[in-house]
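Report on the structure
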Amino acid sequence: MRVDVDTAAIAANVRALRSIVGVPVCGVVKADGYGHGALRSATAMLEGGAAMVGVVDLHEALALRRAGIDAPLLAWLHGAGTDFRVAAAYDIEVAVSSIAQLEAAATAGATIHLKLDTGLGRNGIARRDRARAIARAIELAHGGARIRGAMSHLAGSNREADLAQVADFTAALDQAAPLGSLVRHLANSQGALALPEARFDLVRIGMAAYGIDPNGPAAGDGAAAGALGLVPAMRVTAEFVDGVASCGLDDGLLPALGAPVRVGGELARVVAIDPCRLRIEPALTGEGVLWGDPAAGEPSADAWAAAAGTIGYETVTRMSAADGGTATASDAATAPRRVLELGLDGEPSRLLGQVIGVKRAEAGLGISYGGEYVTPGETTLALVGLGYADGVTRAASGRPAVLAGEAHPIRGRVAMDQFVLDIGDRLASVGDAVELAHASAPELTGMIGARVAVELAGSIADADEMEALGERIGARLRAGDAVLLIGPLGAGKTTLTRGIGRALGARGTVQSPTFVLARTHRTAAGPALQHVDAYRLLADDDDEAELDDLDLDLEGAITVAEWGAPLEHALESWLRVEIARPVAGEDDGDDDEASPRAVRLSGHGPGWPAGRVRGLAADRAVRVAGPAAELRDPLRIGGPDAAGPASQNGSAGDDRQELA
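Parameters at a glance
- Residues numbered from 1 in each chain as written.
- Predicted model: local features only at pLDDT ≥ 70, side-chain atom pairs only at ≥ 80, totals over all residues.
- Heavy atoms only, no water.
- Axes fitted to C-alpha atoms, helices over the stretch in contact; angles between N-to-C directions.
- Helix = DSSP H or I, 4+ residues; strand = E, 2+ residues; numbered from the N terminus.
- Parallel < 35°, antiparallel > 145°, perpendicular 65-115°, else oblique.
- Left-handed = near helix turned anticlockwise from the far one by under 90°.
- Contact = heavy atoms within 4.5 Å.
- Nonpolar A, V, L, I, M, F, W, Y, C, P; charged D, E, K, R; others polar.
- Buried < 20%, exposed > 50% of the residue type's maximum accessible area, 1.4 Å probe, protein only.
- Polar contact = N/O pair within 3.5 Å; in protein donor to acceptor, adjacent residues only side chain to side chain.
- pLDDT = per-residue confidence, 0-100.
- 1 Å grid on protein atoms, 1.4 Å probe; cavity = no way out; pocket = protein on both sides within 12 Å on 5 of 7 lines; lining within 4 Å.
- Points joined across faces, edges and corners; volume = space filled by probe spheres on them.
- Disulfide = S-S within 2.5 Å.
- Phe/Tyr/Trp six-rings, centres within 6.5 Å; stacked < 30°, edge-to-face > 60°.
- Pairing = 2+ DSSP bridges.
- Salt bridge = Lys/Arg side-chain N within 4 Å of Asp/Glu carboxyl O.

1. A short note on the packing of helix H1 (residues 7-21) against helix H3 (residues 38-47)
The N-to-C vectors of H1 and H3 enclose an angle of 40 degrees; their axes lie 7 Å apart at closest approach. One finds that H1 runs oblique with respect to H3. Classified by chirality, the crossing of H3 by H1 is right-handed. Between H1 and H3, the contacting residues are Thr 7, Ile 10, Ala 11, Val 14 and Arg 15 on the first element and Arg 40, Ser 41, Ala 44, Met 45 and Glu 47 on the second. Here the residues of the contact of H1 with H3 sort into five nonpolar, two polar and three charged.

2. A word on the packing of helix H13 (residues 463-474) against helix H14 (residues 493-504)
At a minimum axis distance of 6 Å, the contact between H13 and H14 shows a crossing angle of 45 degrees. If you check the angle between H13 and H14, you find them oblique. The way H13 lies across H14 gives a crossing that is right-handed. Contacts from Ala 463, Met 466, Glu 467, Leu 469, Gly 470, Glu 471, Ile 473 and Gly 474 in H13 reach Thr 495, Leu 496, Arg 498, Gly 499, Ile 500, Arg 502, Ala 503 and Leu 504 in H14.

3. A few points about the environment of Asp 213
Take Asp 213: it is sitting in the loop between strand E9 (203-205) and helix H10 (223-227). In this structure Asp 213 comes out as buried when scored by relative accessible area, which is 6%. When the C-alpha atoms of Asp 213 and Ala 225 are compared, they prove to be 4.7 Å apart, with 12 residues separating the residues in sequence. From its side chain, Asp 213 meets the backbone nitrogen of Asn 215 in a polar contact 3.1 Å long.

4. Some points on the confidence of the model for the protein chain
The share of residues in the protein chain with pLDDT of 70 or more is 86%, and the mean pLDDT across the chain is 86. Counting contacts from residues 584-591, a segment whose pLDDT is below 50, to residues more than four positions away or on other chains yields seven contacts. This stretch, residues 620-660, has a pLDDT under 50; its non-local contacts, to residues over four places away or in other chains, come to 127 contacts.

5. What about empty space enclosed by the protein?
The tally for this structure, following the rule as stated, stands at five cavities of 30 Å³ or more. Roughly 60 Å³ of internal volume is contained in the second largest cavity. Grouping the amino acids of the lining of the second largest cavity by side-chain chemistry returns two nonpolar, three polar and four charged.

6. Re the state of the cysteines
All chains considered together, the criterion is met by zero disulfides. For Cys 247, which is in no disulfide, the shortest distance to another cysteine sulfur is to Cys 276 and amounts to 9.7 Å. Its relative accessible area of 32% is what places Cys 276 among the partly exposed residues.

7. Topic: the packing of aromatic side chains
Scanning the entire structure with this criterion turns up four aromatic pairs. Here Tyr 34 and Tyr 313 contribute two aromatic rings whose centre-to-centre distance is 6.3 Å and whose plane-to-plane angle is 50 degrees, an arrangement assigned as tilted. With Tyr 34 in helix H2 (residues 30-34) and Tyr 313 in helix H12 (residues 312-317), this residue pair connects regions lying 279 residues apart in the sequence. The same class applies to Tyr 34 as to Tyr 313, namely buried. Aromatic pair Trp 291 and Trp 304: ring centres 5.5 Å apart, planes at 65 degrees, arrangement edge-to-face. Of this pair, Trp 291 sits in strand E15 (residues 286-291) while Trp 304 sits in helix H11 (residues 301-308), and the two are 13 residues apart along the sequence.

8. Observations concerning the environment of Arg 146
In this structure, Arg 146 sits in strand E7 (residues 146-151). Those residues in contact with Arg 146, other than ones at most four positions away along the chain, are Gly 109, Ala 110, Thr 111 and Ile 112. At 2.3 Å, the side chain of Arg 146 and the backbone oxygen of Gly 109 are in polar contact. At 3.2 Å, the side chain of Arg 146 forms a polar contact with the side chain of Thr 111.

9. A word on the pairing of strand E13 (residues 266-274)
Looking along a regular strand, one sees the side chains alternate between the two faces of the sheet. Sheet topology places strand E12 (residues 260-263) next to E13; four bridges connect them, and they run antiparallel. Each bridged residue has a counterpart across the sheet, and for Val 263 the counterpart in E13 is Glu 266. A loop of two residues connects E12 with E13, the two strands running antiparallel in sequence, and Gly 264 in this loop sits at a positive phi of about 60 degrees. The antiparallel hairpin formed by E13 and strand E14 (residues 277-281) contains two residues in its connecting segment.

10. Overview of helix H6 (residues 99-108)
Every buried residue of H6 is listed here: Ile 99, Gln 101, Leu 102, Ala 105, Ala 106 and Ala 108. Where H6 is buried, its residues contact helix H5 (84-89), strand E5 (92-96), strand E6 (111-115), helix H7 (127-142), E7 and strand E17 (348-361). With its phi angle positive at about 85 degrees, Gly 109 sits one or two positions after the end of H6.

11. Comments concerning the pattern of salt bridges
Scanning all chains against the criterion turns up 33 salt bridges. Ionic pairing is found between Arg 159 and Glu 197, a salt bridge with its closest N-O pair at 3.2 Å. Remark: Glu 197 occurs in the loop between helix H9 (189-194) and E9 and Arg 159 occurs in helix H8 (residues 159-175); sequence separation between them is 38 residues. You can call Arg 159 partly exposed: its relative accessible area is 46%. For Arg 426, the salt bridge goes to Glu 406, with nearest N and O atoms at 2.9 Å. Here Arg 426 is found in the loop between strand E23 (419-424) and strand E24 (433-437), whereas its partner Glu 406 is found in strand E22 (residues 406-411), with 20 residues between them in sequence. Connected through shared salt-bridge partners, Arg 337, Glu 341, Arg 350, Glu 435, Glu 455 and Arg 600 make up one network.

12. A short note on unusual backbone geometry
Residue Pro 282 is reached from Glu 281 by a cis peptide bond, and omega for that bond is 0 degrees. By the secondary structure assignment, Pro 282 is in the loop between E14 and E15. The phi angle at Ala 31 is positive, at roughly 55 degrees, despite the residue not being glycine. Examined against the element boundaries, Ala 31 turns out to sit in helix H2. A positive phi angle, close to 55 degrees, is found at Trp 563, a residue other than glycine.

This is the structure:
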């Protein structure tokens, strides 16, 4: 499957939209630029005259800033551990949705926008907290805090409800008058085009900038977007042989039975789609256009959306999956936790996220777009930082998500990066873990978004299995890799390292380096294996390990560190392997060396993208993107990069010891 993105179309769309709305534009590039590529989309929007770029979290903003985007950046959704000092250091503006976030961002010296909930029921300062939050913002501003803007978000239920939100926002701005001249913004693409009263000082343009009608698929012909002078920026094609193409759900395609595909001058329809295969009838051969520019006679993304029962937003955003799983584990300091957990065999288990907002809501509050769910009484809402950009389809509304061991149905429409749980009078805190089990949402395994990390987790029965896991890891390692082993005495760290050494063809016996701090083994694979005991590098539990005295080659060798957590500060990328022994009194007892171990593997930093971690799964043909995935723009090229230099032969001694 091939995904082409026309950046000139994005720039032209922004110019057209600016002329329609008559106020400055914030170009939104969250979720990998709605599947179009965040950096290329941001660059194009700025070329088209956007005054600011909007993203969902600091992780996305930081990536753009480091890639050279020097325009104003705004991020508005934050996890429990967000470090707003990052925002201040990189001149990233942040919208805050609670008094706690306001305090933290002000203390950090960040530039702040107050995000107010005027009726969407998601993130944003709740109405009951508004007066107190604005009063505190005024106090902080008198003390030197930088309060630059105020924002909210339209629910798009109907014109009357949207105008009520405009009035509520205006009333809040009156309360905030002592803050001086704020940048006021309320409208997204839909509101900016349909409701001039909502334009204020700035509008946030997302989907319309990519050439798709923000009102929804309508007839599926893209005519509404065309009438506005908008041109679709994305074109998706696949090669068909006798009606079959080697692409499918794993490449981000939705199960859109009946969707049109144009092959040459003939029109076909999708009749079957599975993870790796797409079939059309009639069974044509040649290049098929799944969607592109309706003005050129091609199907539109809206046509696919209509066939799948969704909107064009979801159709194109899922194309970030075509990047081949280039995401790394979320840094808690810049983004909420978003993880797809697989078993050690690669089979999907669950999608893990976290609560990013908790607020008490009044009766009669509509939740999310369209207000399809209305709170029946006063209740507590828990906002979860996962959405259809992460694999939770819009169709997942009503399905259970587990919070604190209890399942709650998703309420309201699933958005691109968040959904809401109505938990009644139960307690929840920002940072609480939330999970969606594969059994309740099987489509989660079809696509993971560009910002979702992959972790492998499961049980290891004995020493043989632990060493086999080490061999599997070792076969994928290359020069410069670091593997940090975390676990108590007797967990099996050395046994796992022995397996890594076996895969690399390490010379000599791989044994605990406790008394020497570090051992270096030459290997048949080429890069040396450095086996380190980081525990003895620490003066106390709070110290970061100092590596200067060890003379380690972190670039040319492969480093495996037992008790390795303190080394994280010295590394750009690492594979973290956590090993837990059973709790005393469970199973065979804490001191039984043959008892099972729980193991979790997670990648951190650019060297361990999601696809590479997924490639560590046992006996599973890993296929993150289609075999013919071609992307015209090199900015979009990314892959599992799972191959390593290790030899499958060589020996570090054939004796299998007990877990140690």
